[in-house]
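Remarks on the overall topology
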Amino acid sequence: AGGAYVPLDPSYPPARLALMMEDAQLSALVSEAGLCVLNTHVPTILLDAHADAIAEQGRANIDADERAEPLTSENLAYVIYTSGSTGKPKGVMNTHQGIHNRLCWMQEAYQLNSCDRVLQKTPFSFDVSVWEFFWTLMTGATMVLAKPEGHKDSNYLVELIAQQQVTTMHFVPSMLQIFLQESD
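Just so you know, these numbers come straight off a predicted model, no measurement behind them.

The next subject is the pattern of salt bridges. Within this structure, the stated rule accounts for 2 salt bridges. With its nearest N and O atoms 4.0 Å apart, the salt bridge here joins glutamate 132 to lysine 121. Separated by 11 residues along the polypeptide, glutamate 132 in helix H4 (residues 127-139) and lysine 121 in the loop between strand E5 (117-120) and H4 bring together distant segments of the chain. Among the residues examined, glutamate 132 registers a relative accessible area of 4% and is labelled buried. With its nearest N and O atoms 2.6 Å apart, the salt bridge here joins glutamate 149 to lysine 152.

Here's what the structure looks like:
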């Protein structure tokens, strides 16, 4: 359709969210009534409050040929903001080709298939979540969703992995170290 998404973590301070929204020049905000606490001039679609109107919309794909500009693999797919540890958070722009290359490399290296069960534990505002979502979808694997903030509880993760028979997960080294110290 030619759009890119910008994940906004509702747990972030409102000032940070406002900065990110202004910097990204959002054309729309998609949220839920209970999460949308920002006073914004951006047109807002509340999935829960507008559910009836959304259900009435057609299900046909958007005709990309009707766009003024042609779509290419260099179009943005998403923008993820840095932590801002050195000051103002910066949006990192990622193209369709970039994520496609990453996912193809991952698939070639790790051979995920429809028998795999992938743990999706990463907050949506981090780049690893993109791989957890789209690599799983492109291979027909099953996505196992951890509860919000579940990535911070290694005991919970151990139980979830065993219960859901997870075969694939991604950890940064520091988190893997904590996870491996879990007795189970």
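Read on, since the account is not over.
Our focus in this paragraph is the pairing of strand E3 (residues 76-81). Within E3, 5 of the 6 residues are buried, which leaves the element mostly enclosed by the surrounding structure. Judged from the 5 bridges that link them, E3 and strand E4 (residues 91-95) form a sheet pairing that is antiparallel. For leucine 76, the partnering residue across the bridge sits in E4 and is threonine 95.

Now for the nonpolar core. Most often, soluble globular proteins have nonpolar side chains that are buried together. Within the largest apolar cluster, 13 residues are counted, with the highest numbers of intra-cluster contacts made by Tyr78, Ile99, Leu103, Val130 and Trp131. Elements that contribute at least two residues to this core include exactly E3, helix H3 (96-110) and H4. If we skip the residues at most four places from it in the chain, isoleucine 99 touches Tyr78, Val130 and Trp131. Listed in part, the 12 residues of the second largest apolar core include Leu160, Ile161, Phe171 and Phe179.

Moving on, we get to the side chain of glutamine 107. One can find glutamine 107 in helix H3. Every residue in contact with glutamine 107, bar those within four places of it in the chain, is listed here: Leu112, Trp135, Met138 and Thr139.

What follows covers H3. Taking 1.5 Å of rise per residue, the 15 residues of H3 would be expected to cover 21 Å, and the 21 Å separating its terminal C-alpha atoms lies within 8% of that figure. Taken together, the buried positions of H3 are occupied by Ile99, Leu103, Met106 and Gln107. All buried residues of H3 lie within an arc of 100 degrees about the axis, which places them on one face of the element. In this structure, the buried side of H3 is in contact with E3, E4 and H4. Glutamine 111, located one to two residues past H3, shows a positive phi value of around 55 degrees.

Pairs of aromatic rings are described using the distance from one ring centre to the other and the angle between the two planes. Within this structure, the stated rule accounts for 5 aromatic pairs. Between tryptophan 105 and tyrosine 110, the aromatic rings sit 5.9 Å apart at their centres with planes inclined by 90 degrees, giving edge-to-face as the arrangement. For tyrosine 110, a relative accessible area of 53% translates into the label exposed. Taken together, the ring pairs connect Trp105, Tyr110 and Trp135 into an aromatic cluster. Of note, arginine 16 hangs over the ring of tyrosine 12, and the distance from its end group to the ring centre comes to 4.5 Å.

This part is about helix H1 (residues 14-24). Among the residues of H1, Arg16, Leu17, Met20 and Met21 are the ones counted as buried. Down the axis of H1, the smallest arc covering the buried residues is 130 degrees, so these residues share one side. Exposed and oriented more than 90 degrees from the buried face of H1 are Ala15 and Glu22. Its buried side turned inward, H1 meets strand E1 (29-31) and E3. Immediately beyond the C-terminal end of H1, within one or two residues, lies glutamine 25, with a positive phi of roughly 55 degrees.

Taken together, Val30, Ile45, Leu47 and Ile54 make up a surface patch of nonpolar side chains, about 320 Å² in accessible area. When you line up the elements, isoleucine 45 lands in strand E2 (residues 44-46). Looking at isoleucine 45, the relative accessible area reads 36%, which means it is partly exposed.

Thresholds applied
Residues numbered from 1 in each chain as written. Predicted model: local features only at pLDDT ≥ 70, side-chain atom pairs only at ≥ 80, totals over all residues. Heavy atoms only, no water. Salt bridge = Lys/Arg side-chain N within 4 Å of Asp/Glu carboxyl O. Helix = DSSP H or I, 4+ residues; strand = E, 2+ residues; numbered from the N terminus. Buried < 20%, exposed > 50% of the residue type's maximum accessible area, 1.4 Å probe, protein only. Pairing = 2+ DSSP bridges. Core = buried A, V, L, I, M, F, W, Y, C linked by side-chain atoms within 4.5 Å. Contact = heavy atoms within 4.5 Å. Expected span 1.5 Å × (residues − 1). Arc of directions from axis to C-beta. Phe/Tyr/Trp six-rings, centres within 6.5 Å; stacked < 30°, edge-to-face > 60°. Lys NZ or Arg CZ within 6 Å of the ring centre and 35° of its normal. Patch = residues over 30% accessible without salt bridge, like charges linked within 9 Å, V, L, I, M, F, W, Y side chains within 5 Å. Areas by Shrake-Rupley, 256 points an atom, 1.4 Å probe, with all protein chains shown as cover.

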